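# Structural features, examined
The lines below spell out each chain.
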Amino acid sequence: QVTLRAGAELDAQRVNQYTLTLWAACPGEEEVEERLFVQVTAGQVLRCDAPFASKGGDVVQVSADVGPRTPLYLVLPQPLGGLTVSGGFPSVPHSSQDTPLTLTHRGLVLAPARGFDPSKDTQTFRLEIEVMDRHGHNCSGAVTVEVLPSRRPSVTFLEPQREVTVPEGTKPLEVVTQVHASGDNVHYAILAPVAPALFTIDEGTGEIRSTRQLEVAHTRLLVRAYNALHPSDHDTITLNISVQRTGQQAPSCVPAISVSQVPETVSPGSTLVTLRCTNPAGAEDCLRYALEGSPASLSYFHMEGPRLQVNATLDYDSEAVAAAGFQFTATIVVTAGGQAPQSTRVPVLVTVTPVNEFPPTCPSGADFTVLETAAFGSVVGRVAGTDRDYPPDSLEYSLEGGTDPTQPFSIDTRTGEIRVVGPLNSQRHKSYRLTVRLTDTRNDLDPANRLSRLCDTVVHLQAVLNQAPVCTPEVQELRITAGLGGRQLVTRLACQGSPSGTMLAYAITGGNEDGHFRLEGNTLFYLPNELAGPRTFVLLVEVWGSPSDPRSSTMVALVVHVTPRTTPVPPSSTTQHTTLQKEPLVITRTEVMWNPPAWFVAVLTVFSALLLAILGCTAWNLLCR
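Residues numbered from 1 in each chain as written. Predicted model: local features only at pLDDT ≥ 70, side-chain atom pairs only at ≥ 80, totals over all residues. Heavy atoms only, no water.

Just so we agree on the cut-off: UniProt positions are given in the numbering used here, feature names are shortened, and annotations may be inferred rather than shown by experiment.
Named according to an unreviewed UniProt entry, the protein chain is CDHR4 protein originating from Nycticryphes semicollaris. If you open the UniProt record of the protein chain and go to Subcellular location (unreviewed entry), you find "Membrane".

### Remarks on the overall build of the protein chain
To keep it simple, the criterion reads: Secondary structure elements follow DSSP: runs of H or I of four or more residues count as helices, runs of E of two or more count as strands, with numbering from the N terminus. Partly exposed describes any residue whose relative accessible area lies between the buried limit of under 20% and the exposed limit of over 50%, with all areas from a 1.4 Å probe on protein chains only and scaled to the type maximum. The Shrake-Rupley method, run with a 1.4 Å probe sphere, supplies the accessible areas, and residue values consider only the shown protein chains as cover.
Counting secondary structure elements, the protein chain contains four helices and 43 strands. Burial analysis of the protein chain (625 residues in total) assigns 34% to the buried set. Put simply, the protein chain shows about 38700 Å² of open surface, and 52% of that area lies on carbon and sulfur atoms.

### Description of the state of the cysteines
Where we set the bar: For the purposes of this analysis, a disulfide is any pair of cysteine sulfur atoms at a distance within 2.5 Å.
Within this structure, the stated rule accounts for three disulfides. Shown here is the disulfide that connects Cys362 with Cys455, its sulfur atoms set 1.8 Å apart. The chirality of the disulfide connecting Cys362 with Cys455 is left-handed, given an S-S dihedral of about -85°. Highlighted residues: Cys362 in the loop between strand 27 (342-353) and strand 28 (367-371) and Cys455 in strand 34 (residues 452-462), separated in sequence by 93 residues. By relative accessible area, Cys362 is classed as partly exposed at 28%. Two residues share a disulfide in this structure: Cys471 and Cys495, whose sulfurs sit 2.0 Å from each other. Judged by the torsion about the S-S bond (110°), the Cys471/Cys495 disulfide is right-handed. Placement of the pair is Cys471 in strand 35 (residues 467-471) and Cys495 in strand 38 (residues 495-498), with a sequence separation of 24 residues. Of the residues examined, Cys471 reaches a relative accessible area of 5% and is grouped as buried.

### Section: the environment of Arg162
Where we set the bar: Contacts are assigned to residue pairs that have any heavy atoms within 4.5 Å of one another.
Secondary-structure assignment places Arg162 in strand 11 (residues 161-167). By relative accessible area, which is 16% here, Arg162 ends up buried. Taking the C-alpha atoms as reference points, Arg162 and Thr238, separated by 76 residues in sequence, lie 6.4 Å from one another. The contacts of Arg162, once residues within four sequence positions are left out, are Thr177, Gln178, Val179, Thr238, Leu239 and Asn240.

### Points about the sheet that holds strand 17 (residues 217-227)
Pairing between sheet strands relies on hydrogen bonds along the backbone, with the strands arranged either parallel or antiparallel. This is how it is decided: DSSP bridges decide pairing: two strands pair if at least two such bridges lie between them. In this analysis, axes come from line fits to C-alpha atoms, helices being fitted only over the stretch in contact, and the angle between any two N-to-C directions falls in the range 0 to 180 degrees.
Strand order across the open sheet formed by four strands is 11-18-17-14, with mixed pairing between neighbours. Each having just a single partner strand, strand 11 and strand 14 (186-192) make up the two edges of the open sheet. Taking the axes of each pair of neighbouring strands and ignoring which way they run, one obtains an average angle of 30° across the sheet. Across six bridges, strand 14 lies against strand 17 in antiparallel orientation. Bridged to Tyr188 within strand 17 is Ala225.

### Re the UniProt feature "transmembrane region" (unreviewed entry) in the protein chain
Per the UniProt annotation, the sites labelled "transmembrane region" (unreviewed entry) are residues 598-623. With 100% helix and 0% strand, residues 598-623 has end C-alpha atoms that lie 38 Å from one another.

### Comments concerning the confidence of the model for the protein chain
Rules: Each residue carries a pLDDT score, the predictor's own confidence in it, on a scale running from 0 to 100.
A residue-level look at the protein chain finds 86% of positions with pLDDT of 70 or above and a mean pLDDT of 83. Low pLDDT, under 50, characterises residues 85-97; the stretch is placed with 27 contacts to residues that sit more than four places away or in other chains. Long-range and interchain partners of residues 569-582, a stretch whose pLDDT sits below 50, account for one contact in this model, where long-range means more than four residues apart.

### Let's talk about the pairing of strand 2 (residues 32-39)
Within strand 2, only zero of the eight residues are buried, leaving the element largely exposed. With eight bridges connecting them, strand 1 (residues 17-24) and strand 2 associate as antiparallel partners. Opposite Ala24, over in strand 2, you have Val32 as the bridge partner.

### Quick notes on unusual backbone geometry
Most of the time, phi is negative for any residue but glycine, and the peptide bond is trans. Each neighbour pair has its own omega, and for Val254 with Pro255 the value is 0°, a cis peptide bond. On the secondary structure map, Pro255 appears in the loop between strand 19 (252-254) and strand 20 (258-263). A cis amide bond links Thr472 to the next residue, Pro473, at an omega of -10°. For Pro473, the location among the structural elements is in the loop between strand 35 and strand 36 (475-481). Despite not being glycine, Asp393 has its phi angle at roughly 60°, a positive value. One can find Asp393 in the loop between strand 29 (379-382) and strand 30 (395-399).

### Thoughts on the pairing of strand 16 (residues 207-210)
With burial as the criterion, only one face of strand 16 is covered, namely that bearing Ile208 and Ser210; the residues Glu207 and Arg209 on the opposite face remain uncovered. When strand 12 (residues 175-178) meets strand 16, the two strands line up antiparallel, connected through three bridges. Bridge pairing links Val175 to Arg209 in strand 16. Once strand 15 (residues 199-201) ends, the chain turns through five residues before running back antiparallel as strand 16, passing Gly206 with a positive phi of about 80°.

### Concerning the pattern of salt bridges
Which entries qualify depends on this criterion: Just to be clear on terms, a salt bridge is a Lys or Arg side-chain nitrogen sitting within 4 Å of an Asp or Glu carboxyl oxygen.
For the structure on display, the rule yields 10 salt bridges. Note that Glu128 is salt-bridged to Arg126, the shortest N-O span being 4.0 Å. Overall, the relative accessible area of 38% leaves Glu128 in the partly exposed class. Residues Arg209 and Glu207 are paired through a salt bridge, measuring 2.9 Å at the closest nitrogen-oxygen approach. In this structure Arg209 comes out as partly exposed when scored by relative accessible area, which is 28%.

Structural data, given as structure tokens:
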């Protein structure tokens, strides 16, 4: 029996018939060769996804710590009438005999019901799947699931076994000891004895407490630590708990509690505290000293006989010390030997204090550019200094020399932002060189121990093309009647500077020799005076963009006709026409012209002559050829 499968997608519109030659041979029989004609008819086709239906199939990579029955792959997104699994997979529940994966009737590939084996090697499972709908149309493909080793930290105890001594008469629910395992989502449980009668354990903290008042006994507990999300990740520790008689007294130690404060620069091997312990039995040589605590405390400290010593550098600026809150707690256990050992526990608290070790560091490339028209308070840039001491970058900023007209900048002491606090003029100063002092703060136990560094910063001024103010109109003819008393308003000039908002300055530069007019800002006033008759004044008002920068200005012409309030008119029966003589109006017009220097004209002439000679020679050579 021969099973025939299509090696590629069939299309009846392109090829509707295939001619195949089948050859078969059995041992001891003649060879058989037959031709087979396969006709392809158009119809509804069930198509699988390209990666799934390809020769190699689709590949899915998952971590070994995925949860049980987690969906890993979907064969087809639409609902199916049913699935038939080839390759020795039973139809129900659609799972392989050689793989723990599960295939549902909707085409979902699920993780095993108990999760994957937490192996250190990559595990590979391959499923060959055939999909068929209710009309008999089918497609097939394969999916390979690669199970990668988990990268999360495994649950681990630092020691496989521990001896614990408890005095007789310990009350119920008192803490006897505490176990600690590293890993994620760690929970604790007592494995043996299965039903402990004397002790219980806190599932979250690992504290072991007594369930009743203890008598002299010896108990062995097997405690398991496991990952609550992945119970297969676990480790065990054995606790040998001995309940001592109270008749034997425990050692007596001075001090009973040790509280010390050390700078971060203390060298490894330094002694923090020396215990003076006495044994009631009289044999001080039989005392044993041990240190209990968190892994961080045990990594930084150790016991050398009765001396608590530093094991590693206590770097206040490191993340590990900062994570511990710059304080470490531990317990020194002093045990007296004998048939019923007694122990004394001395709590230890060590606080690490900061030392200002490193000066601030200047930023690289602290150059800034600002427009010369920048407004008061504008931000020029920020000097971002750094400091390696903890807390990081706790700096104060200041300018050497303070702020004066020659240095129109200030700096924010907290953020280091440089701001404009004075007038800027690129014609006078192309740039300013500022010296910024960086001073660290809160980096030492002594507030007076501060380090500083000077940093050079350059602020370049960017020139802004000043345009002459624009006044509308530039020529005005006004008529007023002279009154009596105080000054009299004539007009207000409407001028606008560039850039917008520039303060303008006004001045009368001509026509006011007699002092009949006064200009206050952009407002022109007439000062009353005795006039014999009507009079015409031609005033020239110059408008600047800035009083200190008269490089560009605009001239406004004002023709003011002043008529006295009472002018005697002789009685006459005829109308007399009077022609007022107007004074000439002078308008100044500035035109831009190019007047190059003499050397430039000479160079240009010589260059033109050489160019004409080269062109002539080239034309002569072409004509000769």
